[in-house]
Amino acid sequence: AWAALSGWTKCVPWLLRPLAIVGSMTLSIYTLHLLFLATVVGVEHPMASFWLQILGSLLLAVLWRNISGLAQGPLEHVTSALAGKAKGRALVRKG
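A few points on the structure.

Conventions used here
- Residues numbered from 1 in each chain as written.
- Predicted model: local features only at pLDDT ≥ 70, side-chain atom pairs only at ≥ 80, totals over all residues.
- Heavy atoms only, no water.
- Helix = DSSP H or I, 4+ residues; strand = E, 2+ residues; numbered from the N terminus.
- Buried < 20%, exposed > 50% of the residue type's maximum accessible area, 1.4 Å probe, protein only.
- Areas by Shrake-Rupley, 256 points an atom, 1.4 Å probe, with all protein chains shown as cover.
- Axes fitted to C-alpha atoms, helices over the stretch in contact; angles between N-to-C directions.
- Left-handed = near helix turned anticlockwise from the far one by under 90°.
- Contact = heavy atoms within 4.5 Å.
- Phe/Tyr/Trp six-rings, centres within 6.5 Å; stacked < 30°, edge-to-face > 60°.
- Lys, Arg positive; Asp, Glu negative; His and termini not counted.
- Salt bridge = Lys/Arg side-chain N within 4 Å of Asp/Glu carboxyl O.
- Polar contact = N/O pair within 3.5 Å; in protein donor to acceptor, adjacent residues only side chain to side chain.

**Section: the overall build of the protein chain**
Reasoning step 1: Looking only at helices and strands, the protein chain features five helices and zero strands.
Reasoning step 2: Put simply, the protein chain has 95 residues, and 14% of those count as buried.
Reasoning step 3: For the protein chain, the exposed area adds up to about 7600 Å²; of that, 73% sits on carbon and sulfur atoms.

In C-alpha cells form, the structure reads like this:
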C-alpha cells in the first residue's frame, strides 16, 4: 500500500529486475560462488568479499542476460538442453 501511495510502483520493477535475473541462473551463480570460495580471496576482509560476491553476481548475471539474450544462465542452458535430449531419447525408446 505504501509503495502505491508514494509512487514507487514504477521504480520497484526496475530495482528488482537484477535480482530476478540472478534468480534465473542460480546454478551458474552458485558454481561461481564455490569457485570464488576455493580461492583465498577475501579471507582477511570478509565484508569486502561478501560485497564483491553480491555485486559480482548481479553484474555478471545482468551482463550475461544482455549479451546472450538467453533467459537462463550458461549452466542452466546446457543442463536444460541435455535434459531435453534425454527426454526425447526416453520417449523414442518407450513409444
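That shown, we press on.
**A short note on the environment of Leu-59**
Reasoning step 1: In this structure, Leu-59 sits in helix α4 (residues 46–68).
Reasoning step 2: Judged by its relative accessible area of 53%, Leu-59 falls in the exposed class.
Reasoning step 3: Sequence spacing of Leu-59 and Val-22 is 37 residues, and the spatial spacing of their C-alpha atoms is 9.1 Å.

**Thoughts on the packing of helix α3 (residues 26–38) against α4**
Reasoning step 1: Between α3 and α4, the shortest axis-to-axis distance is 11 Å and the interhelical angle comes to 145°. The two elements α3 and α4 cross, and the hand of that crossing is right-handed. Along its contact with α3, which presents Ile-29, Leu-32, His-33 and Phe-36, the element α4 presents Ser-49, Leu-52, Gln-53, Ser-57, Leu-60 and Ala-61.

**Here's the deal with the packing of aromatic side chains**
Reasoning step 1: Inspection of the entire model under this criterion finds one aromatic pair.
Reasoning step 2: Taking 5.0 Å as the distance between ring centres and 80° as the angle between the ring planes, the aromatic pair formed by Phe-50 and Trp-51 counts as edge-to-face.
Reasoning step 3: Judged by its relative accessible area of 38%, Phe-50 falls in the partly exposed class.

**A word on the side chain of Ser-49**
Reasoning step 1: With respect to the element layout, Ser-49 can be found in helix α4.
Reasoning step 2: Apart from residues no more than four positions distant in its own chain, Ser-49 is found in contact with Phe-36, Val-41 and Gly-42.

**Let's talk about the side chain of Arg-65**
Reasoning step 1: Its place among the elements puts Arg-65 in helix α4.
Reasoning step 2: This buried residue, Arg-65, is left without a salt bridge; Glu-76 holds the nearest opposite charge, at 9.0 Å.
Reasoning step 3: Engagement of the side chain of Arg-65 in a polar contact is seen with the side chain of Ser-24, the distance being 2.7 Å.
Reasoning step 4: Side-chain polar atoms of Arg-65 contact the backbone oxygen of Ala-71, separated by 3.0 Å.

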